[in-house]
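Chain residues, written in single-letter form:
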Amino acid sequence: MSLTQNISTSISSSSSSFLAYSVFPYRNRDVSLPSKNFGTCRCVAIPQEEKTTYKTNVSRNANMAKLQAGYLFPEIARRRNAHLPKYPDSKVISLGIGDTTEPIPEVITSAMSKRSQALSTLQGYSGYGAEQGEKPLRAAIVSTFYGGLGIDEDDIFVSDGAKCDISRLQVLFGSEATIAVQDPSYPAYVDSSVIMGQTGLYQKDAEKYGNIEYMRCNPENGFFPDLSKVCRADIIFFCSPNNPTGSAATREQLTQLVQFAKDNGSIIVYDSAYAMYISDDKPRSIFEIPGAKEVALETASFSKYAGFTGVRLGWTVVPKELLFLDGFPVAKDFNRIVCTCFNGASNVVQAGGLACLSPEGRNAMQKVVGFYKENADIIMDTFNSLGFNVYGGRNAPYVWVHFPGRSSWDVFSEILEKTHVVTTPGSGFGPGGEGFIRVSAFGHRDNVLEACRRFKQLYK
Amino acid sequence: MIPQARLEIQKERVVCHTRVQRNVNLEKLQNGYLFPEISMHELQHIRKYPDAKLINLGIGDTTEPIPDIVAVSMAEYAHALSTVEGYRGYGAEQGNKALRKAIAETLYKDVQVKDSEVFVSDGSQCDITRLQLLLGSNVTMAVQDPSFPAYIDTSVIIGQAGDFEEKSGKFGNIEYMNCGPQNNFFPDLAKTRRTDIIFFCSPNNPTGQAATRQQLEELVKFAKENGSIIIFDSAYAVYVTDDSPRSIFEIPGAKEVAIEVSSFSKFAGFTGVRLGWTVVPEELCFSNGFPVINDFNRIVCTCFNGASNISQAGGLACLSSEGFMAVCSVVNYYKENAKILLETLASLGLKVYGGENAPYVWVHFPGSKSWDVFDYILEKTHIITVPGSGFGPGGEEFLRMSTFGHRETILEASKRLKNLFS
C-alpha cells in the first residue's frame, strides 16, 4: 500500500486533504457541556445495570470552559464533511480553509529529499538542532526579508509555523497581559488569549470576550482601526496583509500604529504571513517603519509562500531593542520559551526552507504566489460583476465579500447548499466579520473557475 | 572654595522600554534551561582546549544514522509533494490517520488504545507544554526528584509552581517525590501529598530506572485514591530489557487516571526530525465529568497545526515490520553502549545505576557536589556529562552519562574514565 495513499484521501480535486478526524462525541457549539452524570443516588427499587464512570478530582481549566465553540477551521471542515454525504454527486469545491493546493516546486522538495537521505549516512546524520533554528536558514531569512532593516540573524527564531508561535508568544507574555486585536481577525489570537487566561468571559450580546480590545476594521475606516478610539492594551495583534479582509496597511497607517504603540508602551505582534502577496508598495515588514524595533515583533510563515501548510515552517523576529517595562529584553525570555517549550523545527523541513530562499527557490515561490493571486483576481472580478462590494484580493489570497444585513453563517450555508462551494463565514473571525464572507483564493484553476461559474448562477 | 557645577555633556543613548510587564513566572526560573547551559560549558571547554577530542555523553542526542527504509520514505514523501497527486496541504492537527492507527496497533497492541486517542506531535517537550496549557495555572503537580527538567520548568512558566526556595532548591508548590538508591528509585507514596498531576517517567531520565509492574500498580492506585492524573512519559520504553511495563496502560485502571507522552526521538533517532505522540484515553475525565480528550483536542487545534507531514511519513515507516526491526537494531546498539559504560564504571568500584533499561547511567559520588564532579571529569578527561543537580535537588551527588554515541567514542570514553578513576 503506497504511503501517499495512506496519508489522505482526496474528495475532490480541489481539496488537498480530507480533514478526517474523530472527536469524542461532544457538540462544540454548546456552551454547557453534557456532563456524564453517573453514580448518583437513586431511590429506585429495581436494580439497573449502570456503568459508574470514574472522574478524577482535577478541575477542568476554567479558561478552556470560556471558549465558545471548537476552533473555527475544524468547524468549517465538519460542515463540509456533513455536506458531502448529502450530495454525493456534487463536486464540493473548498474555498474555505486557506489551504494551499499547488505542488511545491521541485527545487524545494529535492532539498528535503536530499536531507532525508543524508540522515541515513554517517556524515549526513544530525540529531538535535539549535532550538532557534539552523544558522544558514536564519541568515537567509534575514537577507531575503529584512535586508537593510537592522535585523540580525540571531533575532530570528525558526518555528513549525505561525499558529504555534502565537501560542508560544502568549505563554511568554503570560496571563496578566492584555491584548488588542483587529475585528475581524485570525481566530488564533483571541482563542490563545482565552486559553492563557488573559480574557474575561464571553459576552453573548457583544460576541466578544471581556478584557480584549477589539479594533473594528471595516470598509468605512478603510480596514484600519481608528486608533483614537482604541484603549491601551499591552499587546496589539496586527495582521497585514490581513486575514480575513485581505487589506494591506499603508506605510502611513503603520507609522501611526507604531506611534500608537510607542505612546502606550505596547508591543505589536505583527503577523506578516501574507507579505509576499502584496502587489503595490505597501510595507512587507513592520520593521520598514522607523522605531518599530522598539515596539514590535514579527511572525511569519512559509505556509502560504511555499505551500508548506503540511510541511510546517515559519519564523518569528524579536529585535534586541524590544524591552519589557523593567528593561529586560523580550528576546531573552522568548529564547527561554523556545528552549523549554519547543525543540526546533524539523531539520528536513529547514533544509526545504533554505532551498526556498535560494534564488531559484524565490523565483519558484513567486510563481506559485502569482498563481494564487490570479485566482484572487478571478474571484474578485466575479463578485464585482455580480454587483457585490468586494474587498481584499489585491494584496492577499483572500476576498472579503459584503452581504449587508445578512448573517454570515446563513450565507455560508446558502452558498454551500446551493453551489457546493465551501467558504468561511465572516463572524467566525469576530463580530466585525458579520455580514461578510471570506473566499480564499487557493485552489486548482479549474476549480476556481468552476466555483465562480456557480457563484454567477446563484447570484445573477 | 566655591564648588563649581561642571556641565558634562554626555552622549546618552535613550533606551526605549515598552510598558509591558515581564511575565513574573519567567522571572522565577533560576537559570537557563539545563541543556543549553551544558552546551555553553562545552563551548567554553573547547575554547580552552581547542585540540582536545571532546566526548559528549551529556545531552542525550542520538548519533547513529536513521535506517534507510525510514529515510527513503521521507525522501519519497517529500518528492511526492512536488506532484499534483502527491501534494498535501494542511493535515489533521491530531495527526495522519494511518500513523495514529499504526501507533495504536503496533505500540499499544495488547492494551486497546484507540487511534482516536493518539495525538501525533512534534515531540514530547512540545507536548508537555501543551498539556500544561490544557491543565492551566491552578493545578498542583508532583514530579520525581530527580526528573527531566521540562516538567518543572513548564510548570513554573505556566504559573503552577509557586516561588523558588533557595534553601531547599525547590519550588514551593511542587511536590518532589525523591527517587534514590535508598528507595529503589520509586517514591514512597505514603509520604507523598496529593497533587492534581503526577509526572512519572519510566524508564527514567536521568536515573535510568524502569518501574516494575507492581510499582506502577501502586502508582495507579495512588492516583485513583487521590483523583489525580498521571502524565506518564514513556519516551524510553523501547529500551526496556526485562519485563518492566512499556506503557502505563498495561496497568488495569490506568485509562481512567493517566495520559501517556512518548517520542520517536530516542526510538528512531528523530531528535532533529521531530515526531512524538500523546495518548489521552477517552475515559479520562475532569472532576465535572468533562472528557480531558476534548480539551486536549481543542488545544491541539488552536495552539498547534500538526507535525510535519514528512516526519509523519518517516514515523509510519518506522512502524512497518521492516522499519521497526531496523530502528530496534539502532536502539540495541545504544543499549550495547550502555552495557559497556555500565561495566566500566562498575569495574572501577563506582556506584552506578540505570543503563539496563534506558540509555542513561546514573553514577553516585557520595558527598560530592555534582557540578564539581562534572567539572572534574570534563577537565581531566574531556568528557561532557550532566550534573545530577540539573535534574532537581534529588540529583545532587549524582552524574548522568548518556549512552548515545559511536561505539569507538564510547570505548574511548571508557578508557579515559578507567585512567581517571583507577
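By the naming in an unreviewed UniProt entry, chain B is Aminotransferase class I/classII large domain-containing protein, taken from Hevea brasiliensis. UniProt, in its Cofactor (unreviewed entry) section for chain B, records the words "pyridoxal 5'-phosphate". If you open the UniProt record of chain B and go to Sequence similarities (unreviewed entry), you find "Belongs to the class-I pyridoxal-phosphate-dependent aminotransferase family. LL-diaminopimelate aminotransferase subfamily."

An unreviewed UniProt entry annotates chain A as Aminotransferase class I/classII large domain-containing protein originating from Hevea brasiliensis.

*Asks:* Is there a simple way to explain the packing of aromatic side chains in this structure?
*Replies:* How two aromatic rings sit relative to each other is given by the distance of their centres and the angle of their planes. Residue and element names in this part refer to chain A. Considering all chains together, one arrives at 54 aromatic pairs over all chains under this definition. Note on Tyr398 and Phe442: the rings are 6.2 Å apart at their centroids and 80° apart in plane angle, and the pair reads as edge-to-face. With Tyr398 in strand β12 (residues 398-402) and Phe442 in the loop between β15 (436-440) and α14 (445-459), the pair connects residues that are 44 residues apart, well separated along the chain. For Tyr398, a relative accessible area of 1% gives the class buried.

*Asks:* Help me out: how do you make sense of the interface of chain A and chain B in this one?
*Replies:* Where interface size is quoted, it is often the accessible area lost as the parts come together. Taken residue by residue, the interface counts 105 residues in chain A and 112 residues in chain B. The contact between chain A and chain B buries some 9,100 Å² in all, and 60% of this surface belongs to carbon and sulfur atoms. Per-residue buried area on chain A facing chain B is highest for Tyr54, Tyr128 and Arg336 of chain A; these three make up 9% of the total on that side. Where chain A packs against chain B, one counts four salt bridges.

*Asks:* Help me understand the confidence of the model for chain A in this model?
*Replies:* Note that predicted coordinates carrying low pLDDT should not be read in detail. Averaged over all residues, the pLDDT of chain A is 90; the fraction at 70 or higher stands at 89%. Taken together, the stretch residues 1-42 of chain A has pLDDT below 50 and engages in 94 contacts with residues farther than four places along the chain or on a different chain.

*Asks:* What is the right way to look at the environment of Val142 of chain A in this model?
*Replies:* All names here are of chain A. Tracing the backbone shows Val142 in helix α5 (residues 135-145). Since its relative accessible area comes to 12%, Val142 is described here as buried. Once the C-alpha coordinates of Val142 and Ile156 are considered, the two residues, 14 residues apart in sequence, prove to be 7.7 Å apart. The contacts of Val142, once residues within four sequence positions are left out, are Gly147, Ile151, Asp152, Glu153 and Ile156.

*Asks:* Please explain the packing of helix α2 (residues 34-48) of chain B against helix α12 (residues 370-381) of chain B as it appears in this structure.
*Replies:* A pair of packed helices is characterised by two quantities: the angle between their axes and the separation of those axes. Residues and elements named next belong to chain B. Running from N to C, α2 and α12 point in directions that differ by 35°, and their axes come no closer than 12 Å. The crossing of α2 and α12 is right-handed. Facing Ile38, His41, His45 and Lys48 of α2, the residues of α12 in contact are Trp371, Phe374, Asp375, Leu378 and Glu379. Here the residues of the contact of α2 with α12 sort into four nonpolar, two polar and three charged.

Parameters at a glance
Residues numbered from 1 in each chain as written. Chains lettered and ligands numbered in written order. Predicted model: local features only at pLDDT ≥ 70, side-chain atom pairs only at ≥ 80, totals over all residues. Heavy atoms only, no water. UniProt positions renumbered as here; feature names shortened; annotations may be inferred. Phe/Tyr/Trp six-rings, centres within 6.5 Å; stacked < 30°, edge-to-face > 60°. Helix = DSSP H or I, 4+ residues; strand = E, 2+ residues; numbered from the N terminus. Buried < 20%, exposed > 50% of the residue type's maximum accessible area, 1.4 Å probe, protein only. Contact = heavy atoms within 4.5 Å. Buried area = accessible area lost by both parts, 1.4 Å probe. Salt bridge = Lys/Arg side-chain N within 4 Å of Asp/Glu carboxyl O. pLDDT = per-residue confidence, 0-100. Axes fitted to C-alpha atoms, helices over the stretch in contact; angles between N-to-C directions. Left-handed = near helix turned anticlockwise from the far one by under 90°. Nonpolar A, V, L, I, M, F, W, Y, C, P; charged D, E, K, R; others polar.

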